[in-house]
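Chain by chain, the residues run as shown.
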Amino acid sequence: MALETTLARASSRNEPPLNVGGRHPALTRWLCVGFLVLVFGSAQAQDHGSGGLGGPSSVQSDLSDGDGLTDPQFRSRFPETLVPQWFAFKETLKTNANIDFKIDYLSLGQWSNSNIGQGHAVGGMARIYGTWQAFENGGLTAKLEHRTAYTSVAPQFFGFDSGAQSISGTAFNDIQLALTNLFWTQRAEGGAWVLQAGQLDVTDFVDVYGLVSPYTAFQNLAFNTNPTINAPNQGLGIAGGVRLHQNIYAIASIADANGDPTQPNLNVFKKGETFKSFELGFMSAQDRIYFDNIHLTVWQSDGADDGSRKDDWGISGSAAWFFDNRWMPFLRAGFSQGKAALYKKTVSAGLGFYTRETDLFGFGLNWSDPGDAFDEDQYTAEIFYRFTVSPHLAITPSLQLIANPALNPDQENLAIFGLRGRIAL
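So, a few notes on the structure that sits alongside this text. (Residues numbered from 1 in each chain as written. Predicted model: local features only at pLDDT ≥ 70, side-chain atom pairs only at ≥ 80, totals over all residues. Heavy atoms only, no water.)

## What about the overall build of the protein?
- Looking only at helices and strands, the protein features five helices and 16 strands.
- Buried residues in the protein amount to 53% of all 425 residues.
- The contacts in the protein between residues at least 6 apart in sequence include a share of 66% that link residues at least 24 apart.
- As displayed, the protein has an accessible area near 17,600 Å², and 62% of this comes from carbon and sulfur atoms. (Helix = DSSP H or I, 4+ residues; strand = E, 2+ residues; numbered from the N terminus. Buried < 20%, exposed > 50% of the residue type's maximum accessible area, 1.4 Å probe, protein only. Contact = heavy atoms within 4.5 Å. Areas by Shrake-Rupley, 256 points an atom, 1.4 Å probe, with all protein chains shown as cover.)

Here you go:
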């Protein structure tokens, strides 16, 4: 779900020499040390369960049902009851060939009371994604998407169009066909460590928590991946995670800062412009790493030679806990040193409430400093209710309220109503 910026990231006509260290060789050395720590730590880690790097917006999460709830009670099995042969075929493929996949379609419409802009935005995305467990501890993950805007402004940029320095419809853009995942995962037996390499989406595992997914939870970036992080689009990368203790984990990654899922390439080996991250966190148990989680994340991103992106680095922290498998309060904050990220500083707090029918009520409040170019801080609130008809069908109305919209000082308050739908096969 990486944030596609509005700036063009055109490649330079004159290719620079090989520069795998980027503009920050000291930080690259630090990251290498971090990977050595992960490898050494994995050798010392105790064997308590299995798991990967994928958070709530990842393929492995979208393949599962129930949001991690115990004994979920769905209202219906539609459309499973309509086309039982299709679901039987999928189950056979999973049993006999270790291939698990889904096809889904999501649509988002948004309408605002802004005195500028188009006043509405509608977009959709079709996705096919899955995993192939080739070996007991190794497998392939893939996701192909087609994202389309049905109006002149895509929902992802509707906040800007309405006068706010805000991503109001995260991931619902107009990039068309995109390869957002194609990577190999290798795990230690029992999940003491895990490595992923290939076409990665770093927002699947960098600074995530239980309500991070724009497909099932909040829609505003203020409550998704931290908006002070200049996360790249999906591209070539490698990431590793290790359980340093029964309740302590670490994750490090390095990825192409110029990633482009519409044209996957190996240019990172020529340009050496990379995004790096390191996260240290506390969890209640390995299988609840993104439900009961407190962590600190540091990151750095190289600037682009063509000037479309500046060097940037920052720190973010997050605390979220899933009480009684029903209540998830959260508190998140971030700081960015440069000017490339959406916000310079931000603090978010809120609550998610789950029912046994896997409905989800969410409420969040955010304060953000948009940067020196703006006179006032911006405040955002979002409330939504995801009505879960079945494991394969959900409808989510939402309301976003933005005070002091940074791009429209003539309007004190902005309201954005949204309606999102998802059907999966």
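Let us keep going from here.
## Re the environment of Ser-336
- Mapping Ser-336 onto the fold places it in strand 11 (residues 327-336).
- With relative accessibility at 0%, the residue Ser-336 sits in the buried group.
- Spatially, the C-alpha atoms of Ser-336 and Gly-371 are 9.7 Å apart, while their sequence positions differ by 35 residues.
- When residues no more than four places from it in sequence are discounted, the contact partners of Ser-336 are Thr-228, Trp-299, Asp-312, Trp-313, Gly-314, Ala-341, Tyr-343 and Lys-344.

## Points about the nonpolar core
- In this structure, Val-202, Phe-205, Tyr-209, Leu-211, Phe-218 and Phe-330 are the most contacted members of the largest nonpolar core, which totals 34 residues.
- For this core, the element with the highest residue contribution is strand 7 (residues 248-256), accounting for three residues.
- If near-sequence neighbours (up to four positions away) are discounted, Tyr-209 is found in contact with Pro-56, Phe-218, Phe-223, Asn-224, Tyr-290, Ser-318, Ala-320, Phe-330 and Arg-332. (Core = buried A, V, L, I, M, F, W, Y, C linked by side-chain atoms within 4.5 Å.)

## Re unusual backbone geometry
- Cis geometry is adopted by the peptide bond preceding Pro-79, which originates at Phe-78 and carries an omega value of 0 degrees.
- Relative to the helices and strands, Pro-79 resides in the loop between helix 2 (59-62) and helix 3 (84-97).
- Although it is not a glycine, Asp-67 sits at a positive phi angle of roughly 55 degrees.
- For Asp-67, the location among the structural elements is in the loop between helix 2 and helix 3.
- With phi around 65 degrees, Thr-358 is a residue other than glycine that occupies positive phi space.
- Looking at the secondary structure, you find Thr-358 in the loop between strand 12 (345-354) and strand 13 (360-369).

## Here we look at the pairing of strand 12
- As paired elements, strand 11 and strand 12 share nine bridges and run antiparallel to each other. In the sheet register, Pro-329 faces strand 12, and the bridge partner there is Leu-351.
- What sits between the antiparallel neighbours strand 12 and strand 13 is a turn of five residues, in which Thr-358 has the positive phi angle 65 degrees. (Pairing = 2+ DSSP bridges.)

## Topic: the pairing of strand 15 (residues 393-403)
- Summarising the sheet, strand 14 (residues 378-390) and strand 15 pair through nine bridges and their orientation is antiparallel. If you follow Glu-382 over to strand 15, its bridge partner there is Gln-400.
- Following strand 14, the chain reverses through two residues before pairing antiparallel with strand 15.
- Both strand 15 and strand 16 (residues 413-424) contribute to a ladder of 11 bridges, which runs antiparallel. Of the residues in strand 16, the one forming a bridge with Thr-396 is Arg-420.

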